[in-house]
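Read off the chains here:
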Amino acid sequence: MSTDPTAESGALDAYSAVVTTVAAQLTPKVAALRIRSFRGESAGSAVVLTNESHLVTNAHVVGDASEGTAEFADGTVTRFHVVGRDPLSDIAVIIADHEVPTPPDYGDAGSLLVGSLVVAVGNPLGLSGTVTAGVVSALGRSMPVRTRTAARLIEDVIQTDAALNPGSSGGALADSRGRVVGINTAVAGIGLGMAVPINATTHRIIYALMHDGRVRRAYLGLVTTPARLTPAQAERYGQRGALRVVEVVEKSPAAQGGLHAGDLVLAIDGAPLGDAQSLQKRLFTDAIGQRMEVTVIRNGALVDAVVLPSELPD
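Residues numbered from 1 in each chain as written. Predicted model: local features only at pLDDT ≥ 70, side-chain atom pairs only at ≥ 80, totals over all residues. Heavy atoms only, no water.

**A look at the overall build of the chain**
If you tally the helices and strands in the chain, you get six helices and 20 strands. Taking 314 residues into account, the globule formula puts the C-alpha radius of gyration at 20 Å, and the chain, at 21 Å, falls close to it. Dimensions of the chain along its principal axes, counting C-alpha atoms only, are 60 × 60 × 30 Å. Counting across all 314 residues of the chain, residues that qualify as buried make up 47%. Put simply, 59% of the contacts in the chain that link residues at least 6 apart link residues at least 24 apart. Just so you have it, the chain exposes about 15,300 Å², and 52% of that area is on carbon and sulfur atoms. Computed over 25 positive and 31 negative side-chain charges, the inter-centroid distance for the chain is 7 Å. (Helix = DSSP H or I, 4+ residues; strand = E, 2+ residues; numbered from the N terminus. Rg over C-alpha atoms; globule rule 2.2 N^0.38 Å. Buried < 20%, exposed > 50% of the residue type's maximum accessible area, 1.4 Å probe, protein only. Contact = heavy atoms within 4.5 Å. Areas by Shrake-Rupley, 256 points an atom, 1.4 Å probe, with all protein chains shown as cover. Lys, Arg positive; Asp, Glu negative; His and termini not counted. Charge placed at Lys NZ, Arg CZ, Asp CG, Glu CD.)

**Some details on the confidence of the model for the chain**
For the chain, the average pLDDT comes to 88, and 90% of its residues sit at 70 or higher. Put simply, helix α6 (residues 276-280) is where the chain has its lowest mean pLDDT, 75, and strand β3 (residues 54-57) is where it has its highest, 98. (pLDDT = per-residue confidence, 0-100.)

**Digging into the sheet that holds strand β4 (residues 67-71)**
Around the barrel, which closes on itself, the six strands sit in the order β1-β2-β3-β6-β5-β4 with antiparallel pairing between neighbours. Averaged over neighbouring strand pairs, the angle between their axes works out to 40 degrees when direction is ignored. Relative to β3, strand β2 (residues 40-48) runs antiparallel, the two sharing two bridges. Of the residues in β3, the one forming a bridge with Val 47 is Val 56. In the packing of helix α3 (residues 200-212) onto the sheet, the strands contacted are β3, β5 (77-86) and β6 (91-96), and the crossing angle to β6 comes to about 45 degrees. (Pairing = 2+ DSSP bridges. Axes fitted to C-alpha atoms, helices over the stretch in contact; angles between N-to-C directions.)

**Here's the deal with the nonpolar core**
Core analysis: the largest hydrophobic core is formed by 30 residues, its most contacted members being Leu 26, Val 47, Val 56, Ile 91, Val 180 and Ile 183. Examining the composition of this core, we find that four residues originate from one element, α3, more than from any other. (Core = buried A, V, L, I, M, F, W, Y, C linked by side-chain atoms within 4.5 Å.)

**Regarding the pattern of salt bridges**
Within this structure, the stated rule accounts for ten salt bridges. Among the salt bridges present, the one from Arg 79 reaches Glu 67, with a minimum N-O distance of 3.2 Å. With a gap of twelve residues between them, Arg 79 in strand β5 and Glu 67 in strand β4 connect regions that are remote in the sequence. Given a relative accessible area of 36%, Arg 79 falls into the partly exposed group. (Salt bridge = Lys/Arg side-chain N within 4 Å of Asp/Glu carboxyl O.)

**Concerning the pairing of strand β19 (residues 301-307)**
Both strand β18 (residues 292-298) and β19 contribute to a ladder of seven bridges, which runs antiparallel. Residue Val 294 lies in a different strand from β19, and its bridge partner there is Ala 305. A loop of two residues connects β18 with β19, the two strands running antiparallel in sequence, and Asn 299 in this loop sits at a positive phi of about 55 degrees.

**A look at unusual backbone geometry**
Although it is not a glycine, Asp 90 adopts a positive phi angle of roughly 55 degrees. Mapped onto the elements, Asp 90 comes out in the loop between β5 and β6. For Asp 90, a relative accessible area of 6% puts it in the buried group. Positive phi values are uncommon outside glycine, yet Lys 251 reaches one of about 65 degrees. Locating Lys 251 in the fold gives a position in the loop between β15 (241-248) and α5 (253-256).

**Considerations on the side chain of Thr 295**
Here Thr 295 is to be found in strand β18. Filtering out sequence-adjacent residues up to four positions away, Thr 295 remains in contact with Leu 264, Val 265, Leu 266, Ala 267, Leu 302, Val 303 and Asp 304.

**Overview of the pairing of β18**
Along a regular strand, successive side chains alternate from one face of the sheet to the other. Of all seven residues that make up β18, six are buried, and the element is covered over most of its length. When strand β16 (residues 264-268) meets β18, the two strands line up antiparallel, connected through four bridges. Bridge pairing in β18 links Leu 264 to Ile 297.

**Comments concerning the side chain of Arg 217**
Within the secondary structure, Arg 217 sits in the loop between α3 and β13 (218-219). We classify Arg 217 as buried; its relative accessible area is 6%. A polar side-chain atom of Arg 217 sits 2.7 Å from a polar atom in the side chain of Asp 86. (Polar contact = N/O pair within 3.5 Å; in protein donor to acceptor, adjacent residues only side chain to side chain.)

**Digging into α3**
Compared with an ideal rise of 1.5 Å per residue, which puts 13 residues at 18 Å, α3 spans 18 Å between its outermost C-alpha atoms and is within 8% of the ideal. Among the residues making up α3, those that are buried are Thr 201, Thr 202, Ile 205, Ile 206, Ala 208 and Leu 209. On an axial view of α3, the arc spanned by its buried residues comes to 160 degrees, and they lie on one face. Every exposed residue of α3 that faces more than 90 degrees away from the buried side is listed here: Ala 200 and Tyr 207. Of the residues that open α3, the one with a side-chain oxygen 3.1 Å from the backbone nitrogen of Thr 201 is Asn 199. The first or second residue beyond α3 is Gly 213, which carries a positive phi of 80 degrees. (Expected span 1.5 Å × (residues − 1). Arc of directions from axis to C-beta.)

Here you go:
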């Protein structure tokens, strides 16, 4: 099988052009963070978020610290203070003491496809302004996070083969147009990295952190897993997926509402659910203490349960 060297060279040049353009756009807008707390000194990255000197990073990057320093590619160093952190989404918002570069464009991770070109910008291993590139190797991954009082899955995590290393966390994952579509958060293994997606739920979390310093969530007490409906069920109910209840926490709002392990949750207040994200994005401040009608399939029959979500403790 023969190949055309000219065509190959053109493809490589086009790839290089995309990566270099995105790198030039983003590198000035990603800071290297240095944080000192009672646990010692740590490092990470952050991405400019607003024209008011806010930056977004990972909650695990700032940990329990209240302040630190941020250094930009042009050598500018400024102190920052933590505005708010949300360990259950691994997102934190910080604010710099001085003016920072203008924010990049933010996109929607929902526009990504497996195989899409992505560019990661961060400060791995203390090497500031590091750029790596690769593709989206998988979508829809889940990543468990845990606090002292709660556990949760971050849904729709982006998996990429763009090289990520310690210190990359909090940096930008951008699409081929330079739009930030994820915040790099973890190294999953050799050749695999993960990023928290930028989507409607993430924007809601960031808004809460900027304005309230925390994210209030409603609590049902359900442990669920995505489940595919049978063809007959899919045709009857007009959706292909549901959430199977794996566990109902004792004395939780879900238990008091009569939900059982094994139930297939189809909808809440008539809105279909197909994945954990579709449930979690409903469990914010405005759902606390508000009546919810949960429609489930139980033993082949439709059952409606009424639950009153409580507030998830910090």
